[in-house]
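Chain by chain, the residues run as shown.
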Amino acid sequence: MEIKCLEVRDSLTFVPVICIRPVPENDEQRYLLRRDGYKGDDSEHCIIYINAQCRGVAYYCYDWPVNPRTHRVAHNYIAQNWFTLRDGDVIDVQFILGETETKKVSERHDIAPYSALA
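Here's what I pulled together on the structure shown here. Keep in mind that what you see is a predicted model, and the values were worked out from it rather than measured. Within each chain, residue numbers correspond to sequence positions counted from 1 in written order. Only residues with pLDDT of 70 or above have their local features reported here, since the model is predicted, and side-chain atom pairs are shown and tallied only from 80 upward, although totals for entire chains, interfaces and linings are computed over all residues. Side-chain metrics rest on all non-hydrogen atoms present in the structure, leaving aside hydrogens and water.

**Details of the overall build of the protein**
Phase 1: Here a helix means four or more residues in a row that DSSP labels H or I, a strand means two or more in a row labelled E, and each is numbered from the N terminus. What the protein contains, in helices and strands, is four helices and five strands.
Phase 2: Walking the protein from its N terminus toward its C terminus, one meets helices and strands in the order β-β-α-β-β-α-β-α-α.
Phase 3: Projected onto its principal axes, the C-alpha coordinates of the protein cover approximately 45 × 35 × 25 Å.
Phase 4: Throughout, a contact is declared for two residues whenever any of their heavy atoms are within 4.5 Å. Considering only residue pairs separated by 6 or more positions, the protein has 47% of its internal contacts joining residues 24 or more positions apart.
Phase 5: The protein chains shown are the only cover counted for residues, whose accessible areas, like all others here, come from Shrake-Rupley with a 1.4 Å probe. Per element, the accessible surface of the protein, about 7,600 Å² overall, is 53% carbon and sulfur.
Phase 6: Charge counting treats Lys and Arg as positive and Asp and Glu as negative, with His and both chain ends excluded. To locate a charge, the coordinates of NZ of Lys, CZ of Arg, CG of Asp or CD of Glu are taken. Placing the 14 positive and 18 negative side-chain charges of the protein at their respective mean positions leaves the two points 2 Å apart.

**Quick notes on the sheet that holds strand β4 (residues 57-58)**
Phase 1: Two strands pair under a simple rule: DSSP has to find at least two bridges between them. The strand order β4-β3-β2-β1-β5 describes an open sheet built from five strands, whose pairing is mixed. The sheet is open, and its two edges are formed by β4 and β5 (90-92), each paired on a single side.
Phase 2: Where strand β3 (residues 48-50) and β4 come together, two bridges link them in antiparallel fashion. Among the inter-strand pairings, tyrosine 49 is bridged to a residue of β4, identified as alanine 58.
Phase 3: The strands touched by helix α2 (residues 68-80) are β1 (2-10), β2 (13-21), β3, β4 and β5; relative to β1, the strand with the most contacts, the crossing angle is about 140 degrees. Working convention: axes come from line fits to C-alpha atoms, limited for helices to the stretch in contact. Angles between N-to-C directions cover 0 to 180 degrees.

**Notes on the pattern of salt bridges**
Phase 1: A pair is scored as a salt bridge if a Lys or Arg side-chain nitrogen falls within 4 Å of a carboxyl oxygen belonging to Asp or Glu. Applying the stated criterion to the full structure yields six salt bridges.
Phase 2: When the shortest N-O distance is used, the salt bridge between arginine 9 and glutamate 7 registers 3.2 Å.
Phase 3: Burial classes follow relative accessibility: with a 1.4 Å probe on protein chains only, a residue under 20% of its type's maximum area counts as buried, one over 50% as exposed, and anything between as partly exposed. With relative accessibility at 7%, the residue glutamate 7 sits in the buried group.
Phase 4: Between glutamate 99 and arginine 69 there is a salt bridge, and its shortest N-O distance comes to 2.8 Å. Here glutamate 99 is found in the loop between α3 (93-96) and α4 (114-117), whereas its partner arginine 69 is found in helix α2, with 30 residues between them in sequence.

**A few points about the layout of surface pockets**
Phase 1: Cavity means a closed set of points on a 1 Å grid over the protein atoms alone, one where a 1.4 Å probe fits but cannot get out, pocket means an open set with protein on both sides within 12 Å along at least 5 of 7 lines, and lining means a residue has an atom within 4 Å of a point. Grid points are joined across faces, edges and corners, and a volume is the space filled by probe spheres set on the points. Taken as a whole, the second largest pocket spans an internal volume of roughly 180 Å³.
Phase 2: Lining the second largest pocket are His45, Cys46, Ile47, Tyr59, Tyr60, Cys61, Tyr62, His75, Asn76 and Ala79.
Phase 3: Its residues placed into classes, the lining of the second largest pocket shows seven nonpolar, three polar and no charged. Ten residues, namely Ala, Val, Leu, Ile, Met, Phe, Trp, Tyr, Cys and Pro, are considered nonpolar, four, namely Asp, Glu, Lys and Arg, are considered charged, and the remaining ones, Gly among them, are considered polar.

Rendered as structure tokens:
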């Protein structure tokens, strides 16, 4: 499985997300993914988008019923740019939609280190 942890940002919005591209790493994963309806090979284009703390999961970007703008735009962008994205990248919905000229930077650069928050 390919997994990426990303930061989704929008107007007054911060959402950490986990995204999974269900590409099997072994025969056991391949079998179970295929039994669940996935392709079970490297051609899989699906991105499973998991909202903060598993509050929502979607296979397809238009499956988001709550806050559809933020999650739909971010999910679609992630699916289209999967191979260039890296853990920690910011998915800035306002920037993607052309509402702002400058992409937001990660909140991790604006606040105290996580260890200091505990």
